[in-house]
Amino acid sequence: MSVIDSIRGEYRRYRALAESAIAQLDDADLTRAPSPSANSIAVIVWHMGGNLKSRFSDFLTSDGEKPWRRREEEFSQRTATRAELLAHWSEGWAVLDGAIDPLTDRDLERTVTIRGQPWTVIEALHRSLAHAAYHAGQIVYQAKALRDDRWRHLSIPPGGSEAYNQAPGFDRPDQHRDRLGQSPA
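Quantities reported herein were computed from a predicted structural model and do not represent experimental measurements. (Residues numbered from 1 in each chain as written. Predicted model: local features only at pLDDT ≥ 70, side-chain atom pairs only at ≥ 80, totals over all residues. Heavy atoms only, no water.)

A. Molecular detail of the overall build of the protein chain. Summing up its helical and strand segments, the protein chain has eight helices and two strands in all. Beginning at the N terminus, the succession of helices and strands in the protein chain can be written as α-α-α-α-α-β-β-α-α-α. Once the C-alpha set of the protein chain is aligned to its principal axes, its extents read approximately 45 × 45 × 25 Å. The proportion of buried residues among the 185 residues of the protein chain is 43%. Long-range pairs, those at least 24 residues apart, make up 72% of the contacts in the protein chain between residues at least 6 apart in sequence. (Helix = DSSP H or I, 4+ residues; strand = E, 2+ residues; numbered from the N terminus. Buried < 20%, exposed > 50% of the residue type's maximum accessible area, 1.4 Å probe, protein only. Contact = heavy atoms within 4.5 Å.)

B. Quick peek at the pattern of salt bridges. All told, the structure shown has 16 salt bridges when counted by the stated rule. Here Asp29 makes a salt bridge to Arg32, at a shortest N to O gap of 2.3 Å. Residue classification places Arg32 among the partly exposed residues on the basis of a relative accessible area of 41%. Between Arg69 and Glu65 there is a salt bridge; the shortest N-O distance is 3.0 Å. (Salt bridge = Lys/Arg side-chain N within 4 Å of Asp/Glu carboxyl O.)

C. Spatial organisation of the nonpolar core. With 40 residues, the main nonpolar core has Tyr11, Ile41, Phe56, Phe59, Trp93, Leu125 and Ile139 as its most contacted residues. Within the residue set of this core, elements represented by two or more residues are α1 (3–23), α3 (41–56), α5 (82–100), β1 (111–114) and α6 (121–147). Once you skip the residues sitting within four places of it in the chain, Ile41 turns out to touch Ile22, Leu25, Leu30, Ile139, Gln142, Ala143 and Leu146. (Core = buried A, V, L, I, M, F, W, Y, C linked by side-chain atoms within 4.5 Å.)

D. Inspection of unusual backbone geometry at higher detail. Here Arg115, not a glycine, exhibits a phi torsion of approximately 55°, which is positive. With respect to the secondary-structure elements, Arg115 resides in the loop between β1 and β2 (117–120). Phi is positive for Asp148, which is not a glycine, with a value near 55°. Here Asp148 shows up in the loop between α6 and α7 (161–166). The exposure class assigned to Asp148 is exposed, which follows from its relative accessible area of 59%.

E. Highlighting the packing of α3 against α5. The contact between α3 and α5 brings their axes to 8 Å, and the two run at 30°. The angle between the axes of α3 and α5 places the two elements in the roughly parallel class. In the crossing of α3 with α5, the sense of the turn from one axis to the other is left-handed. Contacts between α3 and α5 involve Ala42, Val45, Trp46, Met48, Gly49, Gly50, Leu52, Lys53 and Phe56 from the former and Glu84, Leu85, His88, Trp89, Glu91, Gly92, Trp93, Val95, Leu96, Ala99 and Ile100 from the latter. Per-class residue counts for the contact of α3 with α5 are 13 nonpolar, four polar and three charged. (Axes fitted to C-alpha atoms, helices over the stretch in contact; angles between N-to-C directions. Parallel < 35°, antiparallel > 145°, perpendicular 65-115°, else oblique. Left-handed = near helix turned anticlockwise from the far one by under 90°. Nonpolar A, V, L, I, M, F, W, Y, C, P; charged D, E, K, R; others polar.)

F. Quick peek at α3. Relative to the 22 Å expected for 16 residues at 1.5 Å per residue, α3 spans 22 Å between its end C-alpha atoms, a close match to the ideal helical length. When you tally the buried positions in α3, you get 14 out of 16 residues, the bulk of the element. Within two residues after α3, Asp58 carries a phi angle of roughly 50°, on the positive side. (Expected span 1.5 Å × (residues − 1).)

G. Quick peek at the environment of Ala42. The topology assignment puts Ala42 in helix α3. Residue Ala42 is classed as buried on the basis of its relative accessible area of 0%. For the pair Ala42 and Ala143, spaced 101 residues apart in sequence, the C-alpha to C-alpha distance is 11 Å. Among residues more than four places away in sequence, those in contact with Ala42 are Leu30, Thr31, Arg78 and Leu85.

H. Spotlight on α1. Given a rise of 1.5 Å per residue, 21 residues ought to cover 30 Å, and the 30 Å separating the end C-alpha atoms of α1 matches this to within 8%. Judged by how many residues are buried, α1 sits mostly within the fold: 15 of 21 residues are covered.

Read these as geometric descriptors, not functional statements.
Okay, structure coming up:
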């Protein structure tokens, strides 16, 4: 497996985790912030969509912080519908997929620019993947708290480690994504 394939798989895993968490929520839960100073899932989704679209539009040829992006507005509380949120989210992921699908490991040492700073492609991808995983974790954490005892676990459920270790089945990103019921991107 190539490095690019591994990174691509992990992006898809974290997308599937976040989407599986979102799917468990009522529409009202999407805009409910855990505290007055915290971000709702809707805000996180909007921010991730905007970030991915900015970073990966013309990935190899233009600065990843686009002049048309309004990052501060991404963090405004919003009342968008589930369909609007998921459309914005999917648009960002589609731009990411369009940018990384043609990449090969030969591209990893190329240089890209983010906010005027040079990064190798591998550095930029790792930076972005960590950012996506961070926010996917926030989405999962909030969704789990909102669902409480109605939560459907997205990985090994409490008390299930021993059984899982006897027959691991979703350690690889594509296995995990498929287990969550997500189709390949």
